[in-house]
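# What the coordinates show
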Amino acid sequence: MNTIPVVENRIWQPEFECMERSQLEALQVSRLKEAVARCSTLPFYKEKFKEQGITPDSINSLADLRKLPFTLKADLRDNYPLGFLAIPKSQVSRYQGTSGTTGKPTWTAYSASDVERWADLCARFLVSGGLTPEMTVQISFGFGLFTGGFGLHNGIQRVGAGIIPLSSGNSARQVMTMQDLQPEVLICTPSYALKLMDDILKGDIERSSIALQHAHFGGEPWTEEMRERIESGLGIRCWNNYGMAECGGPGIAGECAYRNGMHIQEDQYIFEVIDPDTLEPVAPGEKGEIVVTPLCREAFPILRYRTRDIGIIYDDGDCPCGRTTRRMSRILGRTDDMLIVRGVNVFPSQIETALMQIKDVSPHYMIEVTRPKALDEITVYIEMEPEFFSDSMREMQEIKQRIDTAIFGTTGLHMKIELVNPNTLERFEGKARRVKDLRKLVD
Ligand code: DLL
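Here the residue numbering is sequential within each chain, running from 1 through the sequence in written order. With pLDDT at 70 or above as the cut-off, local features in this predicted model cover only qualifying residues; side-chain atom pairs require 80 or more to be listed or tallied, and sums for whole chains, interfaces and linings still use all residues. Working from all heavy atoms in the structure, the side-chain values ignore hydrogens and water.

## Side note on the packing of aromatic side chains
Whether two aromatic rings pair depends on their centres lying within 6.5 Å, for rings of Phe, Tyr and Trp, where Trp uses its six-membered ring; planes under 30 degrees apart make the pair stacked, over 60 edge-to-face, and the rest tilted. As enumerated under the stated definition, the model contains 10 aromatic pairs in all. Comment: the charge-over-ring label is applied if NZ (Lys) or CZ (Arg) is within 6 Å of the ring centre and within 35 degrees of the ring normal. Just above the ring of Tyr110 sits the side chain of Arg297; from NZ or CZ to the centre is 4.7 Å. A cation over an aromatic ring shows up here: Arg304 above the ring of Phe70, its NZ or CZ 4.1 Å from the ring centre.

## Points about the environment of Thr379
Strands are runs of DSSP state E lasting at least two residues, helices are runs of H or I lasting at least four, and both sets are numbered from the N terminus onward. Mapped onto the secondary structure, Thr379 falls in strand β18 (residues 377-384). With relative accessibility at 4%, the residue Thr379 sits in the buried group. For the pair formed by Thr379 and Leu425, sequence separation is 46 residues and the distance between their alpha carbons is 14 Å. Leaving out residues up to four positions away in the same chain, Thr379 has contacts with Met366, Ile367, Glu368, Lys416 and Glu418. With a 1.4 Å probe rolled over the protein chains alone, any residue whose accessible area is under 20% of its type maximum counts as buried; one over 50% counts as exposed, and the rest are partly exposed. We call two residues contacting when some pair of their heavy atoms lies within 4.5 Å.

## Details of the domain arrangement of the chain
The domain boundaries here were taken from an automatic or database domain assignment. Domain assignment breaks the chain into domain 1 (14-334) and domain 2 (339-441). Placing the centre of domain 1 and that of domain 2 at their C-alpha centroids yields a distance of 29 Å. Each partner contributes to the interface: domain 1 provides 24 residues, whereas domain 2 provides 23 residues. A quick way to say it: buried area is the sum, across both parts, of accessible area lost when two parts are put together, with a 1.4 Å probe. Interface area, domain 1 with domain 2, both sides summed: about 1800 Å², of which 54% is carbon and sulfur. A pair is scored as a salt bridge if a Lys or Arg side-chain nitrogen falls within 4 Å of a carboxyl oxygen belonging to Asp or Glu. Applying the counting rule to domain 1 against domain 2 returns 1 salt bridge.

## Some details on the site of the ligand
In this text, near means that some heavy atom of the residue lies within 4 Å of the molecule or strand in question. Taken together, 21 residues lie around the ligand, and Thr98, Asn240, Asn241, Asp309 and Lys431 are the ones closest in. Here a polar contact is taken to be a pair of N or O atoms separated by no more than 3.5 Å, where protein atoms must pair a possible hydrogen donor with a possible acceptor and residues adjacent in sequence count only if both atoms sit in side chains. The separation between a nitrogen atom of the ligand and a polar main-chain atom of Glu220 is 3.2 Å. In the model, a nitrogen atom of the ligand is placed 3.4 Å from a nitrogen or oxygen of the Pro221 main chain. For every accessible area listed, the method is Shrake-Rupley and the probe measures 1.4 Å; residues are considered covered only by the protein chains on display. Out of a free accessible area of 590 Å², the ligand has 93% covered by protein chains. Here the element with the most residues in the shell around the ligand is strand β7 (residues 237-244); it accounts for 5 residues. Of the residues contributing to the shell around the ligand, the split by class is 8 nonpolar, 8 polar and 5 charged. Residue polarity is assigned by list, with Asp, Glu, Lys and Arg as charged and Ala, Val, Leu, Ile, Met, Phe, Trp, Tyr, Cys and Pro as nonpolar; anything else, Gly included, falls into the polar class.

## Notes on the layout of surface pockets
A pocket here means an open set of points on a 1 Å grid, computed over the protein atoms alone, that has protein on both sides within 12 Å along at least five of seven lines. A cavity is instead a set of points where a 1.4 Å probe fits but cannot get out; residues with an atom within 4 Å of a point line either one. Grid points are joined across faces, edges and corners, and a volume is the space filled by probe spheres set on the points. Each pocket or cavity is described by its volume, and for the second largest pocket that value is around 630 Å³. Forming the walls of the second largest pocket are 30 residues, and the residues nearest its centre are Glu266, Phe271, Glu272, Ile313 and Arg326. Broken down by secondary-structure element, the contributors of at least two residues to the lining of the second largest pocket are α2 (21-39) and β10 (269-274). Looking at which element gives the most residues to the lining of the second largest pocket, the answer is β10, with 4 residues. Tallied by class, residues from the lining of the second largest pocket come to 13 nonpolar, 5 polar and 12 charged.

## Examining the packing of helix α5 (residues 112-128) against helix α6 (residues 147-159)
Packed helices, taken two at a time, are described by their axes: the angle between them and the distance between them. Only the contacting stretch of a helix is used when fitting its axis, a line to C-alpha atoms as for every element, and angles between N-to-C directions run 0 to 180 degrees. Where α5 contacts α6, the two axes come as close as 7 Å, and the packing angle between them is 75 degrees. Looking at the two axes, α5 sits roughly perpendicular to α6. Each of Val115, Glu116, Trp118, Ala119, Asp120, Cys122, Ala123, Phe125, Leu126 and Val127 in α5 lies in contact with α6, whose residues at this interface are Thr147, Gly151, Leu152, Asn154, Gly155, Ile156, Arg158 and Val159. In terms of residue class, the contact of α5 with α6 is made up of 11 nonpolar, 4 polar and 3 charged. The scheme is simple: roughly parallel for angles under 35 degrees, roughly antiparallel for over 145, roughly perpendicular for 65 to 115, oblique for anything else.

Shown next as structure tokens:
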């Protein structure tokens, strides 16, 4: 566990973040009762509660959470658009959502006090990651239905720092704004930060013309190795924060000054980690699917939301920052991202970890899955750093060999490796799509 803070250790709402554990758990139980009461007004839960004899009085301890039904993304789709809305429409203060791949967004809604609480949740991780009221923040998340833009906007406003609501896209303008308005903090997806880093490092731009000190990344998986690349490339500190629209967006968990994993905002959320096949809880400290129950959301309550995200809740004692909340790992993958190749389960993050250990390759890669002859095959395309790109076959073979060894080390598999020219793979402004699964085309 890290015992040296990376920035000054600051806590936005110590009355909640540092609550004595037994008090915190008592608060969780009483809030869970209220959440169950709100859900009992929704047809989806009403029916399930009736079948199982559940009322708010069934909840008297945290263990009683397990009596409650799970909720899946499919349940939200089946109750599209607003089947989970628990307040009159006239009292909705905000709608946000996820864009979804099927064309229709998944909606979520907020009451005025949901929006207020959300601002504080975002302020919590921003402050613990070094944000002070004197700073200026460039938000390069999309503003729109995506919860990243407005969520972070409200959190920064709550802290009292200056906001540049630039939104994503047009990276030349992003870099120009960094030079012209001198923000100290950048907010975007880690993959967009890679694109901006490219433009800064490869353009004719003096690092000293940019004031960036910190960045807060979230919205997609990234690895510790990617953090090191971006931190050393840009000379900044990067922080991880986690959330999903269905449960309110960013602010559900985030790193503190010690960066020992992300503190879960347990006064407002209960996390479980389950085995996605048996649906039973995993042993403490084991990895599994994260299940989230928001406790305070008035407009769009949801119980035991199965996120499909794979992670760990740490079981290694208290964090030196003084928070009493439990911490979670980075997201290691998603149950729906997992590739099964020759019987071995592989997450893209394992490949990223391997690639980022090889200094000759850039952080830009793509993973293609095919099924040429009944067996799945993974090809990893990776851009070389221009200074390491070589005409010598032998040198390129040697790099490929090192990549192969590194990938074998993290996945136990040999994959096809294609070294490609600098600047040839797709770049991303929002969430990256680095896995191309071509098997579906031939099935
Ligand atoms: O991505 C909310 C968010 C916005 C979080 C900005 C942090 C910052 P959705 O669009 O609903 O909401 O996507 C949620 O994104 O289930 C994870 O799979 C992934 N995700 C979000 N944050 C992280 C992270 C927002 N820090 C889905 N690490 C989640 C890994 C993340 N994956």
